[in-house]
Amino acid sequence: YPVRDPFFKMLPRSLSNFMNAFTSADHTTYPFATTNPQDFKNLMSVYLDATLHPLLNETDFNQEGWRIGPENPKAAAPGEVQDSKAQNLVFKGVVYNEMKGQMSDASYLYYIRFQDHLFPAINNSGGDPQKITDLTHAQLKKFHSDHYHPSNAKIFTYGDMPLKDHLKEIGARLDAFEKIEADRDVKSPINLEVGPKYITLKGPMDPLVPQDMQYKTSTTWLMGDTSNIAESFSLGVVASLLLDGYGSPLYRGLIEAGLGPDWSPNTGFDGSGKRGVFSVGLNGVKQDDVPKVKEAIFKTLEEVRAKGFDKIKVDGILHQLELSLKHKTAHFGMSIMQRLKPGWFNGVDPFDALAWQKTVDAFKANYAQGGYLESLLEKYLLNDNTLTFTMEPSTSYGQELVDEEANRLALKISETTEQFSSEEEARKHLERQELELLEVQEKARDSDLSCLPTVHVKDIPRQKEKKGIRDTSLGKVKLQWREAPTNGLTYFRAVNTFKDLPEELREMIPLFTDAIMRLGTKDKTMEQLEELIKLNTGGISVGYHSTTSPHDINSYEEGLVLSGYALDHNVPAMYELLQAIILETDFDSPEAEQKIRQLLQGSASGAMNTVAESGHSYARRFAEAGLTPAGRLAEQIGGLTQVKLTTTLASRPSTDSFADIIAKLKTIQSFAISRSPSMRAALTCGTESSSANEAALDRFLTSLSRTSTVPTTTAPQTSYPRNAKTFFPLPYQVYYSALAIPTVPYVEAAGASLQVLAQLLTHKHLHHEIREKGGAYGGGAYARGLGGLFGFYSYRDPNPSNSLAVMRGAGEWARERQWTARDVEEAKLSVFQSVDAPESVSQEGMTRFLSG
């Protein structure tokens with residue numbers, strides 16, 4: 001398939017519900033998934049060809065990897081108005097800009113620098129921008145030649161399509177190769193047997209975190225060989241017992257003790273390498289507390305060794321495992337692949353790893369002998385063969401990155417100049433190279449793709465399978481039923497709606513839903529509640545709910561959504577736990593204020609990294625906030641507005657009272673749930689448990705108050721800008737942008753055309769302009785059918801002004817374009833990828849229930 005970017009070109013020619021590539025520390029995975037047999041054959045053919053026989057043209061390397069060129073190459077073209085800034089030579093490249101964005105995430109930076117020192121033989125899987133510019137096209141081709149060979153590959157398929165057909169196709173492709181000696185070298189971590197090692201590096205300041213809480217530090221041990229599957233499983237249990245939940249020993253000993261608000265990015269047990277790695281650390285640590293973190297870790301481990309692990313907590317973990325095996329998900333095959341592949345590359349037989357019950361039985365047998373988990377503590381953790389890795393804040397870190405890139409750029413330009421007679425000739429070469437790449441990109445826009453296989457709209461069934469749903473009621477509460485095979489599980493959701501909720505209460509709902517999972521009740525600590533939740537449910541949660549009316553984009557619904565799932569016989573216990581955490585959480589306890597402060601500090605410490613990871617989502621949310629009421633609510637609850645509120649509250653001096661905040665949380669608690677017409681519920685279960693479920697839900701509802709008084713307001717709501725430009729200066733190396741437009745309600749026929757238009761613009765215009773030519777890692781258009789919005793975005797973008805100009809001109813471009821039948825067909829296929837994607841049984845009927 002001799003086309004540029006075959007994976008991207010296949011996106012609109014397929015009904016796939018997943019296509020991607022994952023870079024890992026020592027391997028790269030190219031997964032895809034589809035429910036259509038012909039589509040599976042098409043994608044397998046393209047994937048095998050693209051990975052084993054890629055074109056790897058130099059222009060592709062320049063576009064995707066790195067190059068040096070004028071900031072605006074067209075400004076350098078003959079006849080163009082000369083702009084000195086536009087002619088500045090800069091580093092360019094899609095992956096280069098992606099990784100500049102990735103390294104702007106302080107959590108990722110900490111983790112990758114930790115990995116660099118623990119595994120010096122392994123490179124940054126995504127690429128370090130400071131090293132990417134040392135890579136040459138020839139080196140890339142040699143790397144592919146050395147490693148992308150069947151002798152060095154592992155192939156995984158899952159599903160109900162005939163394996164015989166897969167093997168025939170794979171065999172035909174692989175038979176063209178001769179067997180070679182594959183690279184079997186397993187990269188090992190540094191030796192920690194010679195005593196403790198300490199490494200301290202500088203990192204960026206977080207402007208949303210108090211200046212005296214900027215350190216990150218962790219302590220790491222090396223564990224056993226991960227090919228011992230039973231022991232690795234057991235070490236995972238030990239890690240869960242030590243770290244998971246607010247009642248866990250290390251949470252109490254470190255975070256609750258006030259040493260830091262949140263775990264460091266590397267905290268936990270990592271069994272993906274040949275040897276397991278266990279790390280514990282904190283973000284947001286004060287300078288004087290850095291050594292105290294390691295001391296507290298060892299003190300806590302010694303206490304756990306002396307006291308032992310509680311059986312009830314081990315039983316809770318095993319119960320969660322049982323539920324996870326029964327819980328039907330839409331991506332089961334993908335999750336199996338992700339679980340198997342790390343060990344497979346390190347000598348673990350995948351069929352041994354799949355023998356899950358055998359592993360659990362071995363654990364239970366060892367545990368029954370007594371002292372087993374404690375002996376693992378003794379074996380691996382009660383020693384100082386450790387690596388303590390600390391990142392200290394530097395006010396000059398950002399400027400040092402800018403200076404380093406400028407010096408590296410100057411060096412690369414100098415190296416290029418040496419190949420020409422003068423600096424001017426070298427510059428002309430770089431300008432000409434950039435214009436040639438633009439020409440290649442333009443030609444590729446409308447290149448002949450007929451060699452690529454495709455499915456067609458006619459292959460899509462005209463009728464989608466209807467999921468049987470029925471409606472009943474219990475008193476004034478409306479009830480939706482979805483009865484289906486669920487492996488003996490019951491899934492519950494309920495929505496309690498509010499009218500004209502004051503903003504001062506709405507903005508506190510995220511804190512309320514966090515606090516009720518943290519504070520405990522008058523007669524039970526949160527640790528005891530967590531034990532009961534793990535022993536009786538697969539999880540319970542409470543969250544904010546809002547949705548636009550399908551009939552009117554200026555009408556909306558908001559409230560709280562309750563959810564949980566459990567084995568059928570544990571459903572009554574699930575309701576009791578939901579009722580306890582919502583209505584009985586003790587906001588008046590002496591520890592409530594401190595715990596709420598810790599929750600806020602934990603959220604604030606990760607806020608900058610969350611925005612760095614999903615900046616385009618935050619940009620879209622803010623752009624939409626001024627267009628519809630539901631857009632405004634989404635920004636207040638989950639946008640930069642909420643980030644600002646959280647960080648403001650988190651930075652309150654410790655001497656300031658939280659009485660005003662606690663009063664608002666108690667007010668929300670007073671109307672959170674009730675047995676009134678504002679409440680509706682949904683149950684998904686097997687038909688055999690319907691009667692018992694109805695009775696259990698009726699008892700739960702009967703125990704609730706018939707009414708609740710929701711404070712209302714007629715005060716003007718916060719308004720967000722419309723027809724305006726907004727810029728948020730954040731300490732990242734790249735940008736995120738968005739532009740949004742109000743459209744039509746969900747029920748209007750034009751909504752379908754807008755869905756198709758979004759795909760046409762993404763694949764035929766925005767991908768070329770924003771990613772290929774502009775250098776952003778991602779960009780496109782979207783149609784939010786239910787929200788009544790159409791928009792554009794760019795992700796990890798070095799030139800957002802250019803991207804926004806492209807977005808503003810997209811409508812005119814689409815109007816003038818001569819669309820072909822093939823263009824429209826591909827756009828429809830892209831729409832149906834999500835419409836017909838597999839759905840977890842727990843999600844069936846939920847769009848109807850939540851949004852009408």
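Keep in mind it's a predicted model, so treat the numbers as computed, not measured.

(A) The overall build of the protein, seen in detail. Regarding its fold elements, the protein presents 33 helices and 21 strands. Here the protein has a C-alpha radius of gyration of 28 Å; the compact-globule value for 852 residues is 29 Å, and the two agree. A principal-axis box enclosing the C-alpha atoms of the protein has dimensions of 80 × 70 × 65 Å. Per-residue burial for the protein yields a buried fraction of 52% across its 852 residues. Nonlocal contacts in the protein, meaning residues at least 24 apart in sequence, comprise 80% of its contacts between residues at least 6 apart. When the accessible surface of the protein is split by element, carbon and sulfur atoms take 52% of a total near 39300 Å². When the 90 basic and 107 acidic side-chain charges of the protein are each reduced to a single mean position, those positions are 4 Å apart.

(B) How the structure looks around the sheet that holds strand E21 (residues 789-797). An order of E19-E21-E20 is seen for the 3 strands of this open sheet, with the pairing classed as antiparallel. Strand pairing shows two members of the sheet lacking a second neighbour, strand E19 (735-742) and strand E20 (778-784), which therefore form its edges. Averaged over all neighbouring strand pairs, the angle between strand axes comes to 10°, with direction disregarded. One ladder, built from 7 bridges, connects E20 with E21; its direction is antiparallel. When the bridges of E21 are listed, Gly780 appears paired with Tyr793.

(C) Region of interest: the pattern of salt bridges. In total, this model carries 55 salt bridges according to the counting rule given. A salt bridge links Arg305 to Glu378; the shortest N-O distance between them is 2.8 Å. With Arg305 in helix H11 (residues 290-307) and Glu378 in helix H16 (residues 372-381), the pair connects residues that are 73 residues apart, well separated along the chain. Of the residues examined, Arg305 reaches a relative accessible area of 31% and is grouped as partly exposed. For Glu378, a relative accessible area of 43% corresponds to the partly exposed category. Between Lys412 and Glu415 there is a salt bridge, with its nearest N and O atoms 3.7 Å apart. In this pair, Lys412 and Glu415 are both assigned in helix H17 (residues 397-417), 3 residues apart and thus about one turn of the helix distant.

(D) View of the side chain of Asp823. With respect to the helices, strands and loops of the structure, Asp823 is situated in helix H32 (residues 821-835). In this structure Asp823 touches Leu760, Lys764, Arg817 and Gln818, once residues within four positions along its chain are discounted.

(E) Spatial organisation of the packing of helix H21 (residues 526-536) against helix H22 (residues 571-583). Taken N-terminus to C-terminus, the directions of H21 and H22 make an angle of 150°; their axes are 10 Å apart at the nearest point. On the basis of their axis angle, the class for H21 and H22 is roughly antiparallel. Read as a crossing pair, H21 and H22 show a hand that is left-handed. Of the residues in H22, those in contact with Leu529, Leu532, Ile533 and Asn536 of H21 are Ala573, Leu577 and Ile581.

(F) Focus on helix H13 (residues 332-344). Across its 13 residues, H13 extends 18 Å between first and last C-alpha, which sits within 8% of the 18 Å expected from 1.5 Å per residue. The elements touched by buried residues of H13 are strand E1 (18-19), strand E3 (28-29), strand E4 (32-33) and helix H14 (350-354).

(G) Here's a closer look at the pairing of strand E14 (residues 477-483). Most of E14 is tucked away: 5 of the 7 residues are buried. Note: strand E13 (residues 470-474) against E14, 5 bridges, orientation antiparallel. When the sheet's bridge partners are listed, Leu474 is paired in E14 with Val477. Bridge count between E14 and strand E18 (residues 679-685): 6 bridges; the pairing is parallel.

(H) Inspection of empty space enclosed by the protein at higher detail. On inspection of all chains with the given rule, the structure shows 4 cavities of 30 Å³ or more. Its boundaries defined by the atoms lining it, the largest cavity holds a volume of some 90 Å³. In this structure, the largest cavity is lined by Ala106, Pro204, Asp206, Val209, Met213, Gln214, Lys216, Asn283, Gly284, Ser605 and Asn609. At the level of elements, strand E11 (275-285) and helix H23 (592-613) are the ones that each hand at least two residues to the lining of the largest cavity.

(I) Quick look at the sheet that holds E14. One open sheet accounts for 6 strands, arranged E13-E14-E18-E15-E17-E16; its pairing is mixed. Here the strands that pair on one side only, and so sit at the sheet edges, are E13 and strand E16 (539-548). On average, adjacent strands in this sheet sit at an angle of 25° to one another, irrespective of strand direction. Lying over the sheet, helix H12 (residues 311-326) contacts strand E15 (489-498) and strand E17 (556-567), oriented at roughly 110° with respect to E17.

(J) Quick look at the nonpolar core. Ranked by size, the top nonpolar core spans 60 residues in total, and within it Phe492, Tyr575, Phe587, Ile596 and Leu697 carry the most contacts. The element that contributes the greatest number of residues to this core is H22, accounting for 7 residues. Counting 43 residues, the second-largest nonpolar core is a separate cluster that includes Tyr215, Tyr251, Ile297 and Leu382.

(K) Focus on the confidence of the model for the protein. Across the protein, the average pLDDT comes to 94, with 98% of residues at or above 70. Confidence, read as mean pLDDT per element, is least for strand E2 (residues 22-23) in the protein (90) and greatest for H11 (98).

(L) View of the packing of aromatic side chains. In the structure shown here, the tally under the stated rule is 33 aromatic pairs. Taking 4.8 Å as the distance between ring centres and 10° as the angle between the ring planes, the aromatic pair formed by Tyr575 and Phe700 counts as stacked. Residue Tyr575 is found in helix H22, and its partner Phe700 is found in helix H28 (residues 690-702); the two are separated by 125 residues along the sequence. No difference in accessibility class separates Tyr575 from Phe700, as the two residues are buried. Members of the aromatic cluster, joined through ring pairs, are Phe7, Tyr30, Phe32, Phe40, Tyr47 and Tyr148. Its guanidinium or amino end placed over the ring of Phe345, Lys154 lies 5.6 Å from that ring's centre, counting from NZ or CZ.

(M) Fine view of unusual backbone geometry. The backbone of Leu56 shows a phi angle near 50°, a positive value even though the residue is not glycine. Here Leu56 lies in the loop between helix H2 (37-52) and helix H3 (58-64). A positive phi angle is found at Asn487, which is not glycine, with a value near 60°. Under the relative-accessibility criterion, Asn487 is labelled partly exposed at 39%.

(N) Expanded view of the environment of Ser614. Note on placement: Ser614 falls in the loop between H23 and helix H24 (615-625). The sequence separation of Ser614 and Arg796 amounts to 182 residues, and the corresponding C-alpha distance is 9.4 Å.

(O) Layout of H32. Compared with an ideal rise of 1.5 Å per residue, which puts 15 residues at 21 Å, H32 spans 21 Å between its outermost C-alpha atoms and is within 8% of the ideal. Those residues of H32 not exposed but buried are Asp823, Glu826, Ala827, Leu829, Ser830, Val831 and Gln833. For H32, the secondary structure elements touched by its buried residues are helix H29 (750-773).

(P) Here's a closer look at the pairing of E17. Counting buried positions along E17 gives 10 out of 12 residues, so the element sits mostly inside the fold. Where E15 lies against E17, 10 bridges are found, and the strand directions are antiparallel. Bridging from a neighbouring strand, Thr497 pairs with Gly559 of E17. Sheet topology places E16 next to E17; 10 bridges connect them, and they run antiparallel.

Conventions and cut-offs
- Here the residue numbering is sequential within each chain, running from 1 through the sequence in written order.
- Owing to the predicted nature of the model, reporting of local features is limited to residues with pLDDT of at least 70; listing and counting of side-chain atom pairs is limited to 80 or more, with chain, interface and lining totals taken over all residues.
- Only hydrogens and water are set aside; all other atoms, that is, all heavy atoms of the structure, feed into the side-chain values.
- Helical segments are the DSSP runs of H or I of at least four residues, strand segments are the runs of E of at least two, and each set is numbered from the N terminus.
- The atom set for the radius of gyration is the C-alpha atoms, and the globule formula is 2.2 Å times the number of residues raised to the power 0.38.
- Burial classification: accessible surface area is computed with a 1.4 Å probe over protein chains only, and a residue below 20% of its type maximum counts as buried, one above 50% as exposed, and the rest as partly exposed.
- Residue contacts are defined here by distance: any two heavy atoms, one from each residue, within 4.5 Å place the two residues in contact.
- Only the protein chains shown count as cover for residues, and all accessible areas are computed by the Shrake-Rupley method using a 1.4 Å probe.
- Charged-residue counts in this description rest on Lys and Arg as positive and Asp and Glu as negative, His and the chain ends being excluded.
- By convention, the point assigned to a charge is CZ for Arg, NZ for Lys, CD for Glu and CG for Asp.
- Here, strands pair whenever DSSP counts at least two bridges between them.
- To obtain an axis, a line is fitted to C-alpha atoms, over the contacting stretch when the element is a helix, and the angle between two such axes runs from 0 to 180 degrees between their N-to-C directions.
- Salt bridges are identified by distance alone: a Lys or Arg side-chain nitrogen within 4 Å of an Asp or Glu carboxyl oxygen.
- Just so you know how the angles are binned, under 35 degrees is roughly parallel, over 145 roughly antiparallel, 65 to 115 roughly perpendicular, and the rest oblique.
- The hand of a helix crossing depends on one turn: near helix anticlockwise from the far one by less than a right angle means left-handed, and clockwise means right-handed.
- The span you would expect from a helix comes to 1.5 Å times its residue count less one.
- Each cavity reported here is a set of points on a 1 Å grid over the protein atoms alone in which a 1.4 Å probe fits but cannot get out, each pocket an open set with protein on both sides within 12 Å along at least five of seven lines, and each lining residue one with an atom within 4 Å of a point.
- Grid points are joined across faces, edges and corners, and a volume is the space filled by probe spheres set on the points.
- Here, the term nonpolar core denotes a set of buried Ala, Val, Leu, Ile, Met, Phe, Trp, Tyr and Cys residues that are joined through side-chain atoms within 4.5 Å.
- The predictor's confidence in any single residue is recorded as pLDDT, a number from 0 to 100.
- Ring pairs are drawn from Phe, Tyr and Trp, using the six-membered ring of Trp, whenever the two centres fall within 6.5 Å, and their geometry is named by plane angle: stacked under 30 degrees, edge-to-face over 60, tilted for the rest.
- Only when the NZ of Lys or the CZ of Arg is both within 6 Å of the ring centre and within 35 degrees of the ring normal is a charge said to sit over the ring.

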